[in-house]
Amino acid sequence: MAGARAAAGDATARQGAADLAASDPEAADAAGGLDRSLFRYIWRHSKRDQILICGVVLASLPLYFASLDLPRRIVNEAIQGHAFEHGNPTAKFLVLRLQTPDWFGGEWPLFDGFDVDRFELLFGLSSMFLALVLINGAFKYWINVAKGALGERMLRRLRFQLFALILRFSPESVRQSKASELATIIRDEVEPVGGFIGDAYILPAFLGSQAATAMAFILIQNVWLGLMAAGVVGVQIVVIPRLRRELLRLGRKRQLASRRLAGRVGEVVDGIEAVHANGAEPWERAEIGQRLYGLFDLRLRIYRRKFMVKFLNNLLAQMTPFLFYCIGGYFALKGQLSIGQLVAVIAAYRDLPPPLKELIDWDQQRLDVQVKYEQVVQQFLPERLLAVDASGRDEPLAGTLAVEDVWVREAHGPLIEGANLSLPLPVRLGIVSDGSPSASALARVLAHRIVPARGRVTVGGHDLGEWAPPALARRIAYASVEPVLFPGSLRDNIVYGLLRPPDPEAVPSSPEERRRLAEARRTGNPLQSLGGDWIDYRQAGVADAIALDGLILDWLRRIGMGEEVYRFGLLGLVDPARHPDLAGRLIEARAALRARLEADGMAHLVEPFDKTRYNRQATVGENLLFGVPTTPSLIGRALAEHPVVRRVLDRRGLTPALVTMGERIAETMLEIFQGLPMGHPLFEQFSFLSADELPEYEAILARRSATVASAEAHHHSWLTRTRRRWLGLERYSRADAARLIALPLAYIEPRHRLGLLNDDLREAIVAARAALHEALDAAGEGGVDFYEPDSVCLAAPLRDNLLFGRINHSSADAARLVTAAITATIAAMDLTDAVARVGLDHQVGPSGRFLSGGQRASVSLVRALVRQPDLLVLDGALSPMGETRARAVLDLLLDRFGRTASLVVVLPNERVAHLFDSVLEAKGTSFAQPAAGDANATPARQVAPAGDEAHLDR
Amino acid sequence: MTLETEVQSLRQVPMFREIDPPRLKLLAFTSERVHFAPDQKFFDQGDAADAAYLILDGEAAVTIEGPGGATIRLALLGANALVGEMGILADQPRSATVTAVQATTALRIDRRVFLELLTQFPQIAIAVMRELAHRLEMTNQQLAQRRAV
């Protein structure tokens, strides 16, 4: 069976590699790394778009030139009437001539134009001007959008390439880099690079040609004015960038400093435990403060220089119009320049500085971004990467496993010095650690997690490096003492080792999907959709998702996590789309549980939900809503501020009662929790108020006392009371009232025992419940999944759906008894597996923080097991489970492995070593086979005679 | 019954007599009121000591398992009796079994919370010490008497 699976796997891997190369040359490119020069990189990946956009830019230029020329004609021909000089009542409008240089034949008439009078000519030319403005605007719009899209595509490509490169980092590079710094590079530092890419070729082409057009225009009108303008422009282009060089240097320093800041903050956050434990907060604060000062200082220096340059630039730009008016006016007066020409020259010059300025900016940005790009590339040099070679062997790991003269060194010294080993696979090998890291190092060498500095590891005579990396990753599973979990469900984490790209041939079904694919192709991103089924069921040896769930649950139960997953399931939400069977039988199970509780005389342990009755074991808030809120504005205390809720409470006359309850609760809390230090665990556990809210509520109560006192000092007539209400001088302001109402929402009489609820109030709350439902329905916002006896409450956990009520905690042992009844009911209805499957949806949190250490280790182990590896290497992976359970799991694994697949376990001591076929004992940096005669350490089933195949030691 | 009545009951316990009312109220508030059916066990001999119980209403029997499995009743506790407090202070397994004789209501004082209060409020700690010293004194006297006999 293993053979068949291997062959199938083989085919998949080859197909995968072929796909990568054939269907997506861009992706293969990504494997090749980054160009050293930013411009070469941009050109390589976007020349088509760049050329297209440049073409459009060039096409727009004649029209731009025409829009410059028109003002001259409007002034000269229409306003001053030069077109009508010889007493002509009409002039030609829209004469189209092809202007070519004289040596090419001068003008070629295309259209002779209309005859128009002076006003018509003025309006005609003006309208033409407007049309040109619109057309130029349209060109600009298209160019900007195309540029933006180009830039974003390149940014996407660059980010993806960088991420793909991080995945290829060699272990040493990974150790040298800080995660937060790499994340900053991908997120922030390439952002300006991406922004620049759209402009890289187009902006100089566009603005340069525009400036050149304007300059040419001025030169055509008057050579002297043109030369003058050119002179000023020349100064701007030559001097300003020189001044800006220092700016760049500072910018570079700033980038490095801010990257280090990010790295440092990341370090502190990662090590916050140690910071607290050592009381090093003042040092860390001072350290970050110092860095921030450095950043500030750099920024300030940058600003000073930047604005100085700006000042100079502006001065030069403003000088030229002065010269134009002065000298141009002189020419005009002398008749060497027409007024129209002067106006047009000034208009053209007005258009000159913005493109120039942008060009200079572009140049600065270019230098800046190039530096950034180079710094980014520095982090991703080929020597830091593992070779990418998807081809290679994909044979099962069978034959003899040989370790030949393997040396492993680390920065602080050698870990293994010349280890030798030869064992026929499959084998169950125990490596007994002597407390040094060498046993773990050998395990990692066998798992191909580290490549030895010297020597080699072969299987069946082939070096492990000959296997294709994806194939090896499939055939060897490695679980370490620190399981790495990602945010997601238990299931997501367990099938993480089964993820393979889904069939790439999937035909895009929707236009949206087609667009996604086209964009992925254009940017060298993966073509596979995340929505596809990524799970390789064949590798797990199952047919489909349900069978896989069964397999996962089976393993989890065997290694002792079944109970926990089941409990997760009880606390999980049932998505009817994913668990249709379970959702369909929930109501039946609800009735069955009720019947069981009644039959066992435990009915009083659960107070069921009843639309017409107050549930004493539920909070006041729950009793009001009688459902599970799904929007934040209805959850917890927010309820007190929800306008619809407040309106219903007001209308039902409940507000005063709830405010009074809140008052009593606040008073009691202030009385009994006063004197406990901030952040004391008792606050979290018991108080209605958190420690930092105490002063706030104290203030609310103090305000109330003051208002009451002032009210008593005045008359008590109805009129005064109303007036005071109008003035907002009620006992509480509306905000204070909301804060007080928030408190009793969490109140449960039997638990808190403050004696605040009576039957009248309970009835009033039940009555308000119905009104609230109506009001919320009428508001049409939804947000509450109401309790209905005959339907599943989707927002409530499975357990609550079964109970459909609240456990009576005032009865001793109620929770345990009820849980037992639930379990019995579920088992009787044969729903245990279905519940556990819901448990697989349990979220593990960031780095699996919602799980215990043992649970994380179990998930990591099952992740390795469902892959059915040829070789499973456990490097301390069982130790977080605790000794007893670790032993049980080890027995299970020893039973499963050794026939077709191999098992290598790093053992903390030799207590269980005798259970293995073969044992190595770490001794410093070398390994020895345990001395013969030591009964404990003698392998139970000696696979290879010592000295022959199991050749050990150096 | 509300918190106030529980505070009254706590006040009857010698160990808590000297403690300020707000502190007693905190102790009551952080404890749970639980009902036991007749013959329902508070805890078993040998169980981990996780809570002390103040009987508010009803009766509970303290028993130990004698030689040969016979049950020996040591005491019958009524209202305002505190039971299991030595276990949570000494962090030792239960030395006896406590069973409700009739329907009984008790205030369950959680061990962790109780120790938290002891560390937080020296007044409570001193009151407990005083009571323990008092009991030791009594034991010493009894021992002396027995030796004399």
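It should be emphasised that the depicted structure is a prediction, and the values quoted were computed from it without experimental measurement. (Residues numbered from 1 in each chain as written. Chains lettered and ligands numbered in written order. Predicted model: local features only at pLDDT ≥ 70, side-chain atom pairs only at ≥ 80, totals over all residues. Heavy atoms only, no water.)

Visitor: How would you summarise the overall build of chain B if you had to cite specific residues and measurements?
Guide: A count of helices and strands for chain B gives five helices and eight strands. The order of helices and strands in chain B, counted from the N terminus, is α-α-β-β-β-β-β-β-α-β-β-α-α. In summary, chain B has a C-alpha radius of gyration of 16 Å against a globular reference of 15 Å for 149 residues, a match within 12%. Taken along its principal axes, the extent of the C-alpha atoms in chain B is 45 × 40 × 25 Å. Each of the 149 residues in chain B was classed as buried or not, and the buried ones make up 46%. Sequence separation of at least 24 residues holds for 74% of the intrachain contacts in chain B that already meet a minimum separation of 6. For chain B, the computed accessible surface area is about 7700 Å², with 52% contributed by carbon and sulfur atoms. (Helix = DSSP H or I, 4+ residues; strand = E, 2+ residues; numbered from the N terminus. Rg over C-alpha atoms; globule rule 2.2 N^0.38 Å. Buried < 20%, exposed > 50% of the residue type's maximum accessible area, 1.4 Å probe, protein only. Contact = heavy atoms within 4.5 Å. Areas by Shrake-Rupley, 256 points an atom, 1.4 Å probe, with all protein chains shown as cover.)

Visitor: Before we move on, can you summarise the pattern of salt bridges with the specific residues and values?
Guide: Residue and element names in this part refer to chain A. Under the counting rule described, the total for this entry stands at 58 salt bridges over all chains. Here arginine 264 makes a salt bridge to glutamate 267, at a shortest N to O gap of 2.6 Å. Linking arginine 264 with glutamate 267, this pair stays in helix α8 (residues 223–270), spanning three residues, or about one helical turn. On the accessibility criterion, arginine 264 (16% relative accessible area) is buried. Here the salt bridges do not stand alone but share partners, grouping Lys178, Glu181, Arg264, Glu267, Glu284, Glu287 and Arg291 into one network. (Salt bridge = Lys/Arg side-chain N within 4 Å of Asp/Glu carboxyl O.)

Visitor: Summarise the interface of chain A and chain B; cite the residues concerned and give the values.
Guide: Across the contact, 24 residues belong to chain A and 24 residues belong to chain B. When chain A packs against chain B, close to 2000 Å² is buried across both sides, 59% of that on carbon and sulfur atoms. Counting the surface chain A buries against chain B, the share from its top three residues, A:Ile672, A:Arg753 and A:Ala812, is 35%. Here chain A and chain B share two salt bridges between them. Between A:Glu671 and B:Lys25 there is a salt bridge; the shortest N-O distance is 3.0 Å. At the junction of chain A and chain B, the tally comes to eight residue pairs in polar contact (both at pLDDT 80 or more). Of all the elements in the fold, those that place two or more residues in the side of chain A that touches chain B are α23 (655–673) and α24 (681–686) of chain A. With five residues, α23(A) is the largest single contributor of residues to the side of chain A that touches chain B. Its residues assigned to classes, the side of chain A that touches chain B comprises 11 nonpolar, 10 polar and three charged. (Buried area = accessible area lost by both parts, 1.4 Å probe. Polar contact = N/O pair within 3.5 Å; in protein donor to acceptor, adjacent residues only side chain to side chain. Nonpolar A, V, L, I, M, F, W, Y, C, P; charged D, E, K, R; others polar.)

Visitor: Requested: an account of the environment of B:Phe121, with residues and values cited.
Guide: Mapped onto the elements of the fold, B:Phe121 is located in the loop between α4 (111–120) and α5 (122–148). The sequence separation of B:Phe121 and B:Arg23 amounts to 98 residues, and the corresponding C-alpha distance is 8.4 Å. Apart from the residues within four sequence positions on either side, B:Phe121 is in contact with A:Gly675, A:Leu676, B:Arg23 and B:Leu26.

Visitor: Tell me about the packing of aromatic side chains, and name the residues and values.
Guide: One pass over the full model with this rule turns up 23 aromatic pairs over all chains. On the numbers, 5.7 Å between centres and 85° between planes, the contact of A:Phe609 with A:Phe626 is edge-to-face. Here A:Phe626 lies in the loop between α21 (620–625) and β12 (627–629) and A:Phe609 lies in the loop between β11 (606–608) and α21, a separation of 17 residues in the sequence. Of the two residues, A:Phe609 and A:Phe626, both sit in the buried class. Taken together, the ring pairs in this structure connect A:Phe39, A:Trp43, A:Phe196, A:Tyr201 and A:Trp362 into an aromatic cluster. When the ring centre of A:Tyr614 is taken as reference, the NZ or CZ atom of A:Arg762 above it lies at 6.0 Å. The lysine or arginine in question, B:Arg94, covers the ring of B:Phe43, its NZ or CZ lying 3.7 Å from the ring centre. (Phe/Tyr/Trp six-rings, centres within 6.5 Å; stacked < 30°, edge-to-face > 60°. Lys NZ or Arg CZ within 6 Å of the ring centre and 35° of its normal.)

Visitor: Any details on unusual backbone geometry? Residues and values, ideally.
Guide: The residue after A:Leu425, namely A:Pro426, is reached through a cis peptide bond having omega -5°. By the element assignment, A:Pro426 lies in the loop between β6 (413–424) and β7 (428–432). The backbone of A:Asp405 sits at a positive phi, close to 50°, despite the residue not being glycine. Assignment of secondary structure puts A:Asp405 in strand β5 (residues 400–410). A positive phi angle, close to 70°, is found at B:Asn80, a residue other than glycine. Relative to the helices and strands, B:Asn80 is located in the loop between β5 (71–77) and β6 (82–83).

Visitor: An account of the environment of A:Val784 is requested, with residue identities and associated values reported.
Guide: Residue and element names in this part refer to chain A. As for its placement among the helices and strands, valine 784 is situated in strand β13 (residues 784–786). Classification of valine 784 by relative accessible area gives buried; the value is 14%. C-alpha of valine 784 to C-alpha of asparagine 525: the two residues are 259 residues apart in sequence and 41 Å apart in space. In this structure, valine 784 is in contact with Leu625, Gly627, Val628, Pro629, Thr630, Leu634 and Leu776, ignoring residues within four places of it in sequence.

Visitor: Break down a nonpolar patch on the surface for me, with residues and values.
Guide: Residue and element names in this part refer to chain A. Residues Leu52, Tyr141, Trp142 and Val145 make up a contiguous nonpolar surface patch of roughly 430 Å² in combined accessible area. Sorting elements by how many residues they give to the nonpolar patch places helix α4 (residues 118–167) first, with three residues. Mapping leucine 52 onto the fold places it in helix α3 (residues 38–79). (Patch = residues over 30% accessible without salt bridge, like charges linked within 9 Å, V, L, I, M, F, W, Y side chains within 5 Å.)

Visitor: Provide a residue-level description of the UniProt feature "transmembrane region" (unreviewed entry) in chain A, including the pertinent values.
Guide: Per the UniProt record, "transmembrane region" (unreviewed entry) is found at residues 50–67, 121–143, 200–218, 224–243 and 311–333 of chain A. Secondary structure content for residues 311–333 of chain A is 100% helix and 0% strand, while the C-alpha to C-alpha distance between its ends is 33 Å. (UniProt positions renumbered as here; feature names shortened; annotations may be inferred.)

Visitor: I'd love a proper account of the pairing of strand β16 (residues 902–907) of chain A, names of residues and values included.
Guide: All names here are of chain A. In terms of burial, β16 is a largely internal element, six of the six residues being buried. Pairing analysis gives five bridges linking β7 to β16, with the strands arranged parallel. Directly across from valine 432, in β16, lies its bridge partner leucine 907. Pairing of strand β15 (residues 871–875) with β16 involves four bridges; the strand directions are parallel. Within β16, the position partnered with valine 873 by the bridge is valine 904. (Pairing = 2+ DSSP bridges.)

Visitor: So what's going on with the sheet that holds strand β9 (residues 462–463) of chain A? Which residues, and what values?
Guide: All names here are of chain A. Spatially, four strands are ordered β6-β5-β8-β9 in an open sheet, and the strand pairing comes out antiparallel. Both edges of this open sheet fall to β6 and β9, since each of them pairs with a single strand only. Its contacts with the sheet place helix α13 (residues 438–446) against β5, β6 and β8 (454–459), and it is angled at close to 55° to β6. (Axes fitted to C-alpha atoms, helices over the stretch in contact; angles between N-to-C directions.)

Visitor: Tell me about the domain arrangement of chain A, and name the residues and values.
Guide: We note that the domain assignment places domain 1 (2–31), domain 2 (38–384), domain 3 (400–485 + 870–928) and domain 4 (610–786) within chain A. The gap between the C-alpha centroids of domain 2 of chain A and domain 4 of chain A is 60 Å. (Domains from an automatic or database assignment.)

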